[in-house]
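# Structural description and commentary
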Amino acid sequence: MMAYLEVRELSKIYDGTTVLDNIGFDIEEGSFLSLLGPSGCGKTTTLRLIAGFEKPEGGSIRLNGTIINGIPTFKRNIGMVFQSYALFPHMSVEQNVSYGLEQRNHNHSEIKKKVAEALEMVRLTGYEKRKPKQLSGGQQQRVALARALVIRPSLLLLDESLSALDKKLRVEMQVELRQIQKEVGITTIFVTHDQEEALTLSDYIAVMEKGKIVQLDTPDTVYEHPKNSFVADFLGQANFFPGVVRREGNHGYLLMMDEKQYLPFRCDEFLEDGTHCTVSVRPEKITISDREEHQAIRGKIEFITYAGNLSIFRIRALGQEIKVQQQNISAGQRKFVAGDSVFLSWEPESTLILEREKE
Amino acid sequence: MLISFAVVPLFIMFAYSFQGDDGSGFVGLANYARFFSKSFYLKLTLKTMRMSLLVTVISLLIAYPMAFILAKLIAKGKNIILMLIIIPFWSSQLIRAYSWMNLLRDGGILDIALQHVHLSSGEGLGILFTQTAVIIGLVHIFCPYMIITIYMTLEKIDDSLLEASRSLGARPITTFRRVILPLTETGIISGAILVFVPCLGSFVEPRILGGTQGSVIGTVIEDQFFEIYGWNFGSAIAFLLLVMVLASMGILSALRKRGVRING
Amino acid sequence: MAKKLFGWIYTGLLLLFLYTPIIVLMVMSFNRSQYNALPIEFSLKWYKALAGNEKILQATINSLWIGAITAVLSVILATSLALGTNLAGRKTRTAMQSLVMLPLTMPWLIMGLSLLLLLRSLGLDRNFIVLLIGHLIISLPYSALVIIARVRDMGKETQEASSSLGASDWTTFYRVTLPMMLPAMLSGGFLSFMISFDNFVISYFLIPTGTTTLPMEIYSSIKFGFTPEMNAVATIILLASLSLIAVTAAVMRSSIRALFKSDKGDA
C-alpha cells in the first residue's frame with residue numbers, strides 16, 4: 001500500500017552547497033511527523049520543497065499518488081503556518097481566514113459558515129473584525145492555523161510556528177495543536193529544533209543532520225534506541241564512553257577505554273570481542289549509591305546542581321565527567337554532597353551501543 | 001515582464017551617459033585646447049573646486065554637531081526635528097536661492113535689522129552678489145544631506161561602545177577621536193559625495209546669488225548653451241566637468257570603501 | 001544637563017538658519033510695500049496680481065501636469081523594479097538597485113545637457129517626451145528608495161502564504177502585495193511629484209520652445225531683478241509643498257522611522 005506522502009531522493013543545492021542530500025521518507029495519512037535538527041540541517045528546506053516555494057535539484061514528491069514536483073504552490077492544496085504567521089496585515093481576521101476559501105470559489109454563505117467553524121475550533125469566535133496587529137502572539141498563531149485548516153488541505157505544514165511564543169503559551173499551544181490535528185485527522189509535517197516539542201507532539205520524528213535524515217522512528221524509539229551519538233545527544237542527554245569491547249564471563253563486558261580505564265557493563269545485545277563502539281547511557285538512567293555493588297563504577301561527586309524537580313550530579317569517574325540526573329523525591333532520599341565517593345550503576349536495557357565497527 | 005519594465009529606465013540612463021557630450025564636433029580637440037589655453041578657464045576651474053570644497057567643509061562643520069546632538073542628546077522629538085530638517089529639502093532650489101537673495105540684498109531685512117542694531121553702516125550689506133552669498137546659499141541647501149548621512153552612521157553606534165571607552169579610562173575627546181570619528185567616517189564621506197559633486201555642477205545659485213562674481217564652470221556652460229550658442233565648446237567644458245565629477249566620485253567612493261573595510 | 005541645553009540651542013540656531021530666509025519670504029509676500037521695506041502692512045496685493053498673470057498660471061498648470069505624469073510613471077517603474085529585482089539573485093538585485101540610485105549624485109546640469117545633446121544627435125528637436133524622460137530619470141531614485149525599502153521590509157512570507165492558500169501569482173499581487181505596498185507607492189509618488197515640480201535645471205535644458213514651467217518663469221523673473229510677485233508665488237509653493245509633506249508623513253510615518261532606524265533596532 002502506498003503511503004500518503006512519499007519523498008524520494010530529494011536534493012537541493014544552494015550557491016554550490018548541498019543543503020539536502022538525497023533524502024527520502026514516507027508519511028501515513030493522518031499522522032504527525034516532526035522534522036527535527038539543528039539549524040542548517042535542511043529541515044526547513046525540505047518543508048519549503050514540499051510546499052513548492054523552491055524547486056528541488058533532484059528527486060520526487062508524491063502526494064496521495066500524484067507527483068507534485070512540477071505543480072506550482074497554489075495548486076498543491078497545502079496549508080502552511082509560517083514562523084512569523086504571515087497574516088495579511090491589511091485584512092481582518094475574518095478576511096484572512098476566508099482568503100483560501102475565496103480562491104476556491106465557494107459561495108458566500110458557505111464561506112461565512114466555514115470561517116465561523118474554523119474560528120470556533122481555535123477558540124477565537126468574536127475576533128472576526130480585528131486586525132492582526134491588534135492580536136497577541138498566541139492569537140495570531142491561532143488565526144494562522146485556522147486560515148490553513150479551513151481549506152481542508154491535504155497536508156498541514158508548520159515551520160517552527162511555536163518558536164515565537166513564550167514557554168507557557170508554547171506548551172498550551174502544543175496541546176491545542178495536537179488536539180486539533182487529531183480531531184481533523186490531517187497529515188502534518190512540523191519543523192522544529194526543539195527536541196522536547198518534537199517528542200511531545202509527534203507520531204514520528206525524523207532527526208536530520210547536514211542534509212540527511214539520520215533516523216526516522218517513533219519518539220520513544222528515537223529516544224531509547226538512538227542510532228548514533230548525534231541522535232543520542234540531540235534528544236535528551238547522554239554520557240559517552242568510546243572504546244573496545246572484551247567479553248567477560250556470562251553477559252558481562254568490559255569496555256577498554258584509553259589510559260588503562262575500563263568500564264564494566266551489561267547490555268541486552270550480544271557483542272563480539274574486539275568491537276569498537278561507543279557505549280552510552282542517559283543521565284536519568286544511572287543510579288547513585290554509597291554501597292559497592294557488582295560491576296558498579298566508582299566515582300567522586302564534583303558538583304551538584306539543584307534544578308527544582310531534579311538534581312544534576314557531575315561525577316568524576318573513569319577519567320571523565322559523568323552526568324547523572326535524579327528526581328528529587330523528597331523524604332527518605334539519601335542526600336549526597338560534593339566530595340562524596342559513590343558507586344554508579346544502571347540496568348542493562350539502558351545501555352546504548354552506538355557507532356559500532358567490526359575489528 | 002516586470003524585469004523588462006525595470007530595465008527601461010536603466011537603459012535610458014546608459015544611453016545618455018554614453019552620449020556624454022562629445023559634441024566637440026569635427027574640430028576635434030581644438031575645443032579642449034581652447035579651454036586649457038586660456039588661463040581664465042583654468043582659474044575658473046580652480047575657483048569652482050575651491051568653492052565646492054569650502055561648501056563641503058562648512059557643511060560638515062555645521063552638520064556634524066547637529067547630527068551628534070540628534071543621535072545622542074535629544075530623545076524626544078527626534079523625529080519631528082528630523083522632519084523639520086528635511087522639509088526645506090522639498091522646496092525648489094530656485095525658491096531657496098531666491099529667498100536668500102531677498103534676505104541678503106541691500107535694503108533687505110537683514111540689512112535693515114543690522115542697521116538697527118548698529119552692526120553695519122548705512123551703505124548696505126554688500127553680501128549679495130558676492131562669493132560669500134553663493135557659499136551661504138549652497139551650504140543652506142546641502143548641509144541637510146550631510147546631517148542625514150552622518151546621523152545615520154552615528155545612530156548605528158551603540159551607546160555601550162561609548163560607555164566601554166569611558167570605563168577604560170578614555171577622556172571624551174579621545175573617545176571621540178578614536179571611537180566615534182572612525183565609525184562615522186563612511187557617513188562623512190557619503191555626505192561629502194552628496195555635497196561636493198552637485199556643487200561642482202551648480203549654476204543656479206551662483207548665478208542668482210553671485211551675479212557677475214558668481215561665475216563658475218556651471219554658469220559658463222549655461223552661457224555657452226543659451227547665450228552664445230557655442231554648443232561645441234560648451235560640450236567640451238561640460239565633458240571636462242563630467243570628468244571632474246566622476247573623478248571626485250571615484251576618489252571619494254574609494255575612500256569610503258576603505259573606511260568600510262577598516263571599520264566594518 | 002548643560003550638554004542638553006547646548007544641544008537644544010544649537011538645534012535652534014540651525015533651524016533658524018534653515019528657515020529664516022523662507023519665513024522672511026513668506027512674511028514679505030503679505031507686505032504691501034513693493035521694496036520689502038518695513039513697516040509691514042498686510043496686503044494680498046501680490047496674490048491678486050498673480051491671479052491675473054496669465055503666463056504664470058499657464059506655467060503652473062504645465063508644471064502640475066508634468067509632475068503628475070512623472071509621479072505616476074515613476075511609481076510604476078519603481079514598483080516593477082522593486083518587485084522584479086526581488087525575484088532575482090542577490091548580486092543582480094544590488095547591481096540594479098544601485099544603478100537606479102545613480103542619478104542622485106549626478107549634477108543636473110550634466111544630465112540635462114547630455115539628454116539635450118542626445119536629442120540633437122538623433123536629429124530631433126526638444127520635445128515633451130524627452131522632457132518627461134528627464135524628469136523621470138531624476139525622480140525615479142526617490143520613489144525607488146521608498147518603494148524598495150518597503151518591499152524589503154515586507155519580506156516574502158505573506159506572498160508565500162497567499163500562494164499556499166491557493167492564490168495564483170496575479171491574485172497574490174493584487175490582493176496581497178499591492179495593498180501592502182500602497183502607502184509606500186503613494187509616498188513615492190508624492191516625492192516624485194515634488195521633485196519634478198520644483199525642478200528647474202532639467203526643464204531649462206529640455207523644454208520645447210513656447211512652453212514653460214513654473215520654475216522657469218521664476219528664474220526669468222529673478223534674472224530681471226526683484227519682483228514682489230515672486231514672493232507670493234514662492235509662498236504658495238512652499239505652503240503647498242508643506243501640506244503635501246504633511247499628508248505624506250502621516251501616511252508614511254512608520255516607514256520614515258524605518259529609514260532612519262539602524263539595524264540594531266527592535267526585531
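Residues numbered from 1 in each chain as written. Chains lettered and ligands numbered in written order. Predicted model: local features only at pLDDT ≥ 70, side-chain atom pairs only at ≥ 80, totals over all residues.

## Concerning the overall build of chain B
Helix and strand counts for chain B stand at 12 helices and 0 strands. Reading the helices (α) and strands (β) of chain B from amino to carboxyl end gives α-α-α-α-α-α-α-α-α-α-α-α. Counting across all 264 residues of chain B, residues that qualify as buried make up 43%. (Helix = DSSP H or I, 4+ residues; strand = E, 2+ residues; numbered from the N terminus. Buried ≥ 20, exposed ≤ 12 C-beta atoms within 10 Å, placed from the backbone.)

## Notes on the overall build of chain A
From N to C terminus, chain A includes 8 helices and 20 strands. Principal-axis analysis of the C-alpha atoms places the extent of chain A at approximately 75 × 50 × 40 Å. The buried share of chain A, reckoned over its 359 residues, is 35%. Partitioning the contacts of chain A with sequence separation of at least 6, the portion at a separation of at least 24 is 65%. (Contact = placed C-beta atoms within 7 Å.)

## Here's the deal with the packing of helix α4 (residues 90–101) of chain C against helix α6 (residues 128–154) of chain C
All names here are of chain C. Two elements in contact, α4 and α6, have axes whose closest approach is 8 Å; the angle formed by their N-to-C orientations is 140 degrees. Regarding the angle of α4 to α6, the classification is oblique. Where α4 abuts α6, its residues Q97, V100 and M101 lie against L140, P141, A144 and I148. When its residues are assigned to classes, the contact of α4 with α6 shows 6 nonpolar, 1 polar and no charged. (Axes fitted to C-alpha atoms, helices over the stretch in contact; angles between N-to-C directions. Parallel < 35°, antiparallel > 145°, perpendicular 65-115°, else oblique. Nonpolar A, V, L, I, M, F, W, Y, C, P; charged D, E, K, R; others polar.)

## Remarks on the interface of chain A and chain C
In this assembly, 19 residues from chain A lie in contact with 14 residues from chain C. Every element with two or more residues in the side of chain A that touches chain C is listed here: β6 (78–81) and α2 (93–103) of chain A. By residue class, the composition of the side of chain A that touches chain C is 11 nonpolar, 6 polar and 2 charged.

## With respect to unusual backbone geometry
Residues and elements named next belong to chain A. At Y85, a residue that is not glycine, the phi angle is positive and equals roughly 70 degrees. Mapped onto the elements, Y85 comes out in the loop between β6 and α2. When the 23 C-beta atoms within 10 Å are taken as the criterion, Y85 is described as buried. Of note in this structure, R123 is not a glycine but carries a positive phi near 60 degrees. Positionally, R123 belongs in the loop between α3 (108–121) and α4 (137–149). Note on R123: 12 C-beta atoms within 10 Å, which makes it exposed.

## Section: the confidence of the model for chain B
Interpretation of this model should avoid reading the predicted coordinates in detail wherever pLDDT is low. When pLDDT is averaged along chain B, the result is 74, and 70% of the positions lie at 70 or above. For this predicted complex, the interface confidence score (ipTM) comes to 0.77, while the overall pTM stands at 0.76. (pLDDT = per-residue confidence, 0-100.)

## Quick word on the nonpolar core
By size, the foremost hydrophobic cluster in this structure holds 128 residues, and its most contacted members are A67, F142 and I147 of chain B together with I147 of chain C. A per-element tally of this core places helix α7 (residues 131–156) of chain B first, with 17 residues. Other than its neighbours up to four places away in sequence, I147 of chain B contacts A63, M66, A67 and I85 of chain B. (Core = buried A, V, L, I, M, F, W, Y, C linked by C-beta atoms within 7 Å.)

## Re the sheet that holds strand β2 (residues 17–27) of chain A
Residues and elements named next belong to chain A. The strand order β2-β1-β4-β5 describes an open sheet built from 4 strands, whose pairing is antiparallel. Every other strand in the sheet has two partners, leaving β2 and β5 (66–67) as the edge strands with one partner each. Where strand β4 (residues 58–63) meets β5, 2 bridges bridge the pair, whose relative direction is antiparallel. Looking at β5, one finds that R62 is bridged to I67. Seen against the sheet, helix α1 (residues 43–51) touches β1 (5–14), β2 and β4 and runs at an angle of roughly 65 degrees to β2. (Pairing = 2+ DSSP bridges.)

## Considering the sheet that holds strand β15 (residues 287–289) of chain A
All names here are of chain A. Read across the sheet, 5 strands follow the order β15-β19-β16-β17-β18 without closing on themselves; strand pairing throughout is antiparallel. Looking at the sheet topology across the chains shown, the edges are occupied by β15 and β18 (320–327). Direction aside, the axes of adjacent strands within the sheet are offset by 45 degrees on average. Inspection of the sheet shows strand β16 (residues 297–307) paired to strand β17 (residues 310–317) by 7 bridges, in the antiparallel sense. Paired with Y306 across the bridge in β17 is S311.

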